[in-house]
Each structure stands twice: as structure tokens, then as C-alpha cells.
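# Analysis of the macromolecular model
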Amino acid sequence: MTAFATPVRDMLFALKSLTDFDQVARLPGYEEATAELADAVFEEAGKFANGVLAPLNQPGDVQGAQWSDYQVKAADGFAEAYRQFVEAGWNSLGGDTAFGGQGLPAAISVAVNEMWCAANLSYSLLPLLTQGAIESLHHHASDALKATYLHKMVEGVWTGTMNLTEPQAGSDLSQVRSKAVPEGEHYRISGQKIFITWGEHDCAENIIHLVLARLPDAPAGVKGISLFVVPKYLVGADGALGARNDVRCVSIEHKLGIHASPTCVMQFGEQGGAIGYLVGEPNRGLEYMFTMMNHARLGVGVEGVAIAERAYQQAVWYARDRVQSRELGGSNPAPVAIIRHPDIRRMLMSMRSQIEAMRALSYVAAVALDMAAVHPDAAAQKQQQALVDFLIPIVKAWSTEQAQEITYLGVQIHGGMGFIEETGAAQFMRDARITTIYEGTTGIQALDLIGRKLARDGGATARAVLAMAAADAEKARTCGETGARVADALQAALKLAQQSSDWMVAQFSGQPRAAAAGAVPYLKLMGTVLGGMMMARQVVAATLQRDSDPAWFDAKLATARFYAEHSLPLVSGLHVQVTGGADSVLLMDDAQF
Ligand SMILES: Cc1cc2nc3c(=O)[nH]c(=O)nc-3n(C[C@H](O)[C@H](O)[C@H](O)COP(=O)(O)OP(=O)(O)OC[C@H]3O[C@@H](n4cnc5c(N)ncnc54)[C@H](O)[C@@H]3O)c2cc1C
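Residues numbered from 1 in each chain as written. Predicted model: local features only at pLDDT ≥ 70, side-chain atom pairs only at ≥ 80, totals over all residues. Heavy atoms only, no water.

## Side note on the packing of helix 14 (residues 442–455) against helix 16 (residues 480–510)
Note the threshold: Angles shown run from 0 to 180 degrees and are taken between the N-to-C directions of axes, each axis being a line fitted to C-alpha atoms and, for helices, limited to the stretch in contact. By the criteria applied, helices consist of DSSP H or I runs no shorter than four residues and strands consist of E runs no shorter than two, each listed in order from the N terminus. Each angle is binned into one of four classes, with values under 35 degrees roughly parallel, values over 145 roughly antiparallel, values of 65 to 115 roughly perpendicular, and all other values oblique. Throughout, a residue-residue contact means that at least one pair of heavy atoms, one from each residue, lies within 4.5 Å.
Their axes nearest at 10 Å, the elements helix 14 and helix 16 cross at an angle of 90°. The angle between helix 14 and helix 16 places the two elements in the roughly perpendicular class. Taken together, the residues of helix 16 that come into contact with helix 14 (itself represented by Ile450, Gly451, Leu454 and Ala455) are Ser501, Met504, Val505 and Phe508.

## What about the packing of aromatic side chains?
Rules: Pairing of aromatic rings covers Phe, Tyr and the six-membered ring of Trp, with a centre-to-centre limit of 6.5 Å; geometry is then stacked below 30 degrees between planes, edge-to-face above 60, and tilted otherwise. Buried means the residue's accessible area, taken with a 1.4 Å probe over protein chains only, is under 20% of the maximum for its type, while exposed means over 50%, and partly exposed covers the values in between. Charge-over-ring placement is defined geometrically: NZ (Lys) or CZ (Arg) within 6 Å of the ring centre, and within 35 degrees of the ring normal.
Under the criterion given, the structure shown has 15 aromatic pairs. On the numbers, 5.9 Å between centres and 80° between planes, the contact of phenylalanine 48 with tryptophan 116 is edge-to-face. Taken together, the positions of phenylalanine 48 in helix 3 (residues 35–53) and tryptophan 116 in helix 6 (residues 106–119) put the pair 68 residues apart, joining distant regions of the chain. Per residue, the accessibility class of phenylalanine 48 equals that of tryptophan 116, and both read buried. Aromatic rings pair up to connect Phe48, Phe78, Tyr82, Phe85, Trp90, Trp116 and Tyr123 into one cluster. Lying across the ring of tyrosine 70, arginine 248 places its NZ or CZ 3.7 Å from the centre. The residue whose ring lies beneath lysine 556 is tryptophan 552, and the NZ or CZ to ring-centre distance is 4.7 Å.

## Here we look at the nonpolar core
The test is simple: Nonpolar cores were defined as sets of buried Ala, Val, Leu, Ile, Met, Phe, Trp, Tyr and Cys residues, with membership established by side-chain atoms within 4.5 Å.
If you look at the biggest cluster of nonpolar residues, it comprises 182 residues, and the most contacted ones within it are Phe42, Trp116, Leu348 and Tyr522. Excluding residues within four positions of it along the chain, leucine 348 makes contact with Tyr312, Ala315, Val316, Ala319, Ile339 and Ile413. Counting 20 residues, the second-largest nonpolar core is a separate cluster that includes Val230, Cys264, Phe268 and Ala274.

## Considerations on the layout of surface pockets
Rules: Residues are called lining when one of their atoms sits within 4 Å of a cavity or pocket point, these points coming from a 1 Å grid over the protein atoms alone, where a cavity is a set in which a 1.4 Å probe fits but cannot get out and a pocket is an open set with protein on both sides within 12 Å along at least five of seven lines. Grid points are joined across faces, edges and corners, and a volume is the space filled by probe spheres set on the points. Any residue that is not Ala, Val, Leu, Ile, Met, Phe, Trp, Tyr, Cys, Pro, Asp, Glu, Lys or Arg is counted as polar, Gly included; the first ten are nonpolar and the last four charged.
For the second largest pocket, the calculated volume is near 590 Å³. Asp20, Leu387, Met468, Asp472 and Arg537 are, among the 24 residues lining the second largest pocket, the residues nearest its centre. Residue assignment for the lining of the second largest pocket shows that the elements contributing at least two residues are helix 1 (8–18), helix 10 (342–374), helix 11 (378–413), helix 15 (460–477) and helix 18 (519–545). Counting residues per element, the lining of the second largest pocket draws most heavily on helix 15, at 7 residues. In terms of residue class, the lining of the second largest pocket is built from 14 nonpolar, 6 polar and 4 charged.

## Considerations on unusual backbone geometry
We note that tryptophan 198 has phi near 50°; this positive angle belongs to a residue other than glycine. Here tryptophan 198 shows up in the loop between strand 5 (186–197) and strand 6 (206–213).

## Here we look at the side chain of serine 226
Basically, it comes down to this: Two N or O atoms form a polar contact when they lie within 3.5 Å of each other; inside protein one atom must be a possible hydrogen donor and the other a possible acceptor, and for residues adjacent in sequence the pair counts only when both atoms belong to side chains.
For serine 226, the position within the fold is in strand 7 (residues 226–231). A polar atom in the side chain of serine 226 sits 2.7 Å from the backbone nitrogen of asparagine 283. When neighbours within four sequence positions are excluded, serine 226 is seen to be in contact with Val211, Leu212, Ala213, Leu215, Leu278, Pro282, Asn283 and Gly285.

## Examining the pattern of salt bridges
Convention followed: Each reported salt bridge corresponds to a side-chain nitrogen of Lys or Arg within 4 Å of a carboxyl oxygen of Asp or Glu.
According to the stated counting rule, one finds 31 salt bridges in the structure shown. Between arginine 477 and glutamate 474 there is a salt bridge whose closest N-O contact spans 2.8 Å. Of this pair, arginine 477 and glutamate 474 both sit in helix 15, 3 residues apart, which is roughly one turn of the helix. Judged by its relative accessible area of 32%, arginine 477 falls in the partly exposed class. With its nearest N and O atoms 2.6 Å apart, the salt bridge here joins arginine 546 to aspartate 554. Judged by its relative accessible area of 30%, aspartate 554 is partly exposed.

Here you go:
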């Protein structure tokens, strides 16, 4: 197994050369987020990821988190790594300065999260879930709740969880049954939550659970769900930790991957009800969850990028090391390193070009998130919000679906050793598998894309995004032969993307089942096309900067061309699936399956 090295240079190139990152430092509150600051932060975070988190990844997978007697012990080294993480200030990077955070924009914190995820996906979920909980409290909690919880959570001495899922309520949260009964200033919470990431552990002093539950008089369905803060240890008026609350982890799941991330069954209220505090107004819990969804879904999309990068690095290392078979067409009869074989190179190029496209698109979404949050011009802010809303389901689902293929290729490049756990390639494939499921499955993301994001505005945002891509294609066309190839392939794909979008908008209201049948192919089509947009930008940036390091930038041109010639043509098949495949999806009745 190879040591992991955070690809700091690639990440900085993607952020600085392929997005509007330079505009972020012009936004109010983000003046310090300059290119130089990004250089310094990425360098230091990369060292922490490589040196502290990455070495725990494989032992953590083998050992896993351990449950006994309602306690969960994190895998060896995780608690100490978390202590160092907090001490070094990494938890507070994107936190509000009013609560002790460093106030850096998503453009930087999202990329830094990529480093944690690549180094150790199981570990990264602990701070990621805390960030989600912080954001929900920040936007919706009372000043008193914020004062009690946010400083410690931003610092990282207390961690956060998101308690949404119940046995009967997964994708469909309208079926949540947990109860909240008023009692003076607080509520008594009871019910069972399942699949709660880092719901219990020994890495922090306190765990702050955000819990969806229903009040006694709540209307049925999604409009009757409220959000509560339920701390593991109650917090006194002076901020000191008090009695243990009535919430317990009754078991943890045995699962396919992310073994070191405890996935907990949480029981609330076995002894009379856990004390909880209402966040915001009653019955608006699900709406509040949506506030942090863009961040959380972007975060999971970035997990896809990260685990794919890890698999790629491992595969390159193995392909250089493993000697097998003579080189086809060569005169040397001796066997060569498998990296010499065209099929291995095809797989490595496929992995690398897709990672570059996915990474850049996720950073574009992060920059848009910052602009949408604080841009001083209302019209620009609205436009950026529409862009974010459109991109998020694509980044989440496309990057994580591609991560399945990329980690699969990582195993394939290892041959039989890929199937053997000690190389680590299999772990990346297993760990990647959850990313298309949690935080909304691919199917749910695709429905969100075609409904709320595409059809609701009659396709206006999609048209604007595709026009942006067309402009990038034409800029690339001015950049030599590679630019012309990328521009042609992208323009051809864009035509089909527009036709698919028009078809989807036309079908959505009258034929919703037909539209839904094509939703996932449509999402993948848009991801592939927008990946092409990023590759067009890469051609322009690499051409402009080439003289400073020809070999490095030529590699960027090569991956852009590979993407244009191997990934963009897939759009035509996806277009057929979207516009012509819906009928066959629905041909058989239930009994025929
Ligand atoms: C390791 C792990 C960690 C998790 N962490 C957390 C956590 O921290 N907090 C938390 O609250 N939850 C967490 N979850 C739960 C996770 O978010 C859910 O598993 C996920 O939302 C899917 O719900 P479900 O498992 O009930 O699947 P279901 O909702 O039963 O879905 C089953 C299948 O049906 C499809 N489907 C459902 N509805 C539709 C529809 N309308 N149209 C088309 N297809 C549909 C889905 O796409 C899926 O393929 C975690 C899960 C796991 C496995």
C-alpha cells in the first residue's frame, strides 16, 4: 500500500485557474481569502492529512469502531488525531468569527475537507457532521442556544450529529415518528434513530445531537416535523457539563465500508425522555434541514472526488511497481511495469481525467456558494444561488457515481491483488459505496434536479449553465489542436444536453413518470457535460501557464483531451436513455419482475 500525498498543486490549480476564486476575496467578510492564503492553508492542511490522518486509514478499516455497554470506542489513534485536529484549529476553519471560527469561505474549507476525506474518509465524517449541525444552529437557533453550543462546536471540543433517519423513514422523512413533548422550557424527546454517523464515540467531551421529531399536535407529513438540540451531557448556565441525558447508542452497524466511522442506532427517551430544546419555530424542522443541505451535499460530492483521488494514487503506484508481460510492439523480450500497457494507461487516464473534472466542478459550486451567501449585489446573489441550487445535486450524485467506477478501476489495475485487502484498493471501493446513498441517494438527487432545479424555472438556469459552457468551449477553441478537439466534443455534447433538458421540461408536468424514468441518466449527462466545461477551462489555463512548467501543464492538456474523446461521447448514449428510454423502463408490471 502506498503512502497518500495530498495533491496540493492540482487542488490549487483547480481552485485558482478553473473557478472565479479571485472574486471571493472581493466579497464582504472574505477579504483575507487571497490566493496566498489558499497556498498556505492547503500546504499545512496537506501535511496534516498526509502525516496524521492517512496512516490511520487502513488500520481503522481493519479494527473498526467498537461498541460495548452503550459506549463506542473509536479505532486506535482516532481520538488522539481528533485532539490534534482541534488543537491545530482545523475544525474552526469555516466557522463564524463571532463563535471563534476563522471565517474562511467555502471555496477554501470545501477543498480542505477534500484532503480529510481522501486521507481518511471514516475520520472526515466526524468534523463534517459537526459542520452540518453548526450550520443548522447558526441559521435557525435562538441566541441563547447559539451562545450555549456554538463556541464549543466550532472549536471542535464538542461534536455534532444529524438524527434524521428512522427505520420507517429514510428518503421519505414525512414518516418520522420520534416524539417531542413540551415540559416547561424544554421538551422530552423519545424515539429511535438509525444509521447515525458518529452518534457516539470517545473523541470529544460532549456530543450535540440535532434531532427531527414531532410535537403532540403536529400536522401529519413533512409540515409537522420540528428540529431539536439534544446534548449527550446537559449543559449548565455556566457552560459546565452536567447530568447524562436520556439518549443512548444501543448498537452500531456492521457494514460494507467506512468501518472506523461508527454508524449508530440511537435510542432517545428510554428513561422518561431526553431533554431537548426546540430550534427555531415548531413544524419547520425539515425546512431548516434544507438550509444546510447544499453544504452537506456538496461535502458528500467532494467525498467522491477524494476517495477517487486516493484510489488513483494507489493505482499509479502499483502500475509502476508491478512487472508483468512484455511490451506490445516493443523489441525488448523482458517483462515491463504494467504502466507500459495501453489498457492500464487507458484506465489511469480515465480515472485521472474524471477526477480533475469532478474536482473543478465541486470547487465551482463552492465558489458559487460563497457568492450566493454574501454577494453585495442582490441580482448577482440570486443568479449565484440559482447556479448553486442547480449544481449541487449534480456534484453530489455525479461525483459519487463516478467514484464507484474510479475505485473499481483502481481494483482492476491491481489485478488479483486488488481483491486482496492488504493493498488498500478494495477498501477505497468499499468506502466509496456509501457516498451514493447517504445525504440523499442518486435517485433522490436526480428527482431534485429535474423537478426543483430544472422544470420549476422552465429550464432557464439549465440554459444559462449550458451557455456558460458553450462560451468556455469557444475560448478553448483558440488554444491549439487540443483546444479545437475539446471545443468540438463539448459543443456536440451541449446540443444534446439542451435537447435533453427541453425534453425533460416538456415531460415533467404531463408525464412525470416518464420524466422520472430518465432522471438519473439526465443527471449523469449534465455531470459529464459540465465536466467537459471544466476540461475546456483546463485547456485555456494550461495553455496560458504552460511555459512555467511544460511537462506539468502538458499533462493537464492530455487529460482534457482524453476526457473530450472518452467521456464526452458518452453523452450521446445518455441522451438516448433520457429522451427515448423512458417507455422501456416502464414496460413491465410489478408482477413481471
Ligand atoms: C453508513 C450510513 C451513514 C448514515 N448517516 C446518517 C446520519 O448521520 N444521519 C441520518 O439521519 N441518516 C444517516 N444515514 C441514512 C441515509 O441518509 C439513508 O440510508 C438514505 O437517505 C436512504 O434512506 P433508506 O436507507 O431508508 O433507503 P430508502 O429510502 O428505503 O430507499 C431505497 C431505494 O429506493 C429509492 N427511492 C426511495 N424513494 C424514491 C423515490 N421517491 N423515487 C425514486 N427512488 C426512490 C432510493 O433511491 C433507494 O434506491 C446513513 C446511512 C448509512 C448507511
